[in-house]
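The chain contents come next:
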Amino acid sequence: MTSTPVTQTRIDVSDGVRVSALLLEPADARCLLVFAHGAGAGMRHATIETFARGLADLRIATLRFQFPYTETGRRRPDRPLVLQRSVRAAVAHAKAMRPELPLIAGGRSMGGRMASGADAVDSLGVAGFVFHAFPLHPPGKPGTSRADHLSQLEKPMLFLNGTRDRLADPELLAGVCGRLGSRATLHLVEGGDHSLQVLKRSGRRQEDVDYEVAEAVSEWCREVLGL
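Treat the numbers as computed from the prediction; the structure is a model and nothing was measured. (Residues numbered from 1 in each chain as written. Predicted model: local features only at pLDDT ≥ 70, side-chain atom pairs only at ≥ 80, totals over all residues. Heavy atoms only, no water.)

Colleague: Give me the packing of aromatic side chains: which residues, what numbers.
Modeller: Ring pairs (aromatic) are described by centroid distance and by the angle formed between their planes. According to the stated counting rule, one finds seven aromatic pairs in the structure shown. With a centroid separation of 6.3 Å and 15° between ring planes, the pair formed by Phe 129 and Phe 131 is classed as stacked. Residue Phe 129 is classed as buried on the basis of its relative accessible area of 0%. On the basis of relative accessible area, Phe 131 is assigned to the buried category, the value being 0%. Between Phe 131 and Phe 159 the ring centres are 4.9 Å apart and the planes differ by 50°, which places this aromatic pair in the tilted class. With Phe 131 in strand 6 (residues 129-132) and Phe 159 in strand 7 (residues 157-162), the pair connects residues that are 28 residues apart, well separated along the chain. One aromatic cluster is present, formed by Phe 129, Phe 131, Phe 134 and Phe 159 through successive ring pairs. (Phe/Tyr/Trp six-rings, centres within 6.5 Å; stacked < 30°, edge-to-face > 60°. Buried < 20%, exposed > 50% of the residue type's maximum accessible area, 1.4 Å probe, protein only. Helix = DSSP H or I, 4+ residues; strand = E, 2+ residues; numbered from the N terminus.)

Here you go:
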């Protein structure tokens, strides 16, 4: 991976609440992905860092940001209203910082669900959505109700999920994508868990899997979004 520089910035969410953000932008960026973290870890988590670096190598910039609860060191996620407001603020911040770049929104696990939830309420005005391990249901409780709001999204969606993900049964997720029709693209990582990590006994190198995931985003941007 290249050593693309990182720019630190701050995002105004609301009522004096500000959160940290990291812009990773290759010199020849073709688009910018506003990316929210998952429930259990912030924007500097190794999985997110690896994902962002992989995208930078493929000319996709990322703006990662903290939710208010992680900014203040709390472990319990904020209410969905606050999380969605944070996504909306991050998208507005990205538009102001780089108005020349097409924007994509999304996030890892809960972050992706909050990004899509925000758009279902009021369009974010982005070109599409990238879901890194969309959390379709709680562990051991298969269901699809968490995806009900996705039918309200009008833009293309890319789902990056592992076949061993305990929060997204592959068959149920495929059914959700099928109902979304041409708006949805599903990329399943064989043997990947909720972090898209594979077991050593799979015979696959994790760095190869990480590249596969980044390349799936790059190809989707090119072939579906025309970016």
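Anyway, onward from the coordinates.
Colleague: I'd love a proper account of the nonpolar core, names of residues and values included.
Modeller: In globular proteins that are soluble, nonpolar side chains generally tend to be buried together. With 45 residues, the main nonpolar core has Phe 65, Leu 150 and Phe 159 as its most contacted residues. It is helix 3 (residues 80-97) that contributes the most residues to this core, six residues altogether. Non-local contacts of Phe 65, meaning those with residues more than four positions away in its chain, are made with Ile 11, Ser 20, Ala 21, Val 34, Phe 35, Ala 36, His 37, Met 43, Ser 86, Val 87 and Ala 90. Judged by nonpolar contacts, the second largest core, of 23 residues, contains Cys 31, Leu 160, Val 217 and Leu 225. (Core = buried A, V, L, I, M, F, W, Y, C linked by side-chain atoms within 4.5 Å. Contact = heavy atoms within 4.5 Å.)

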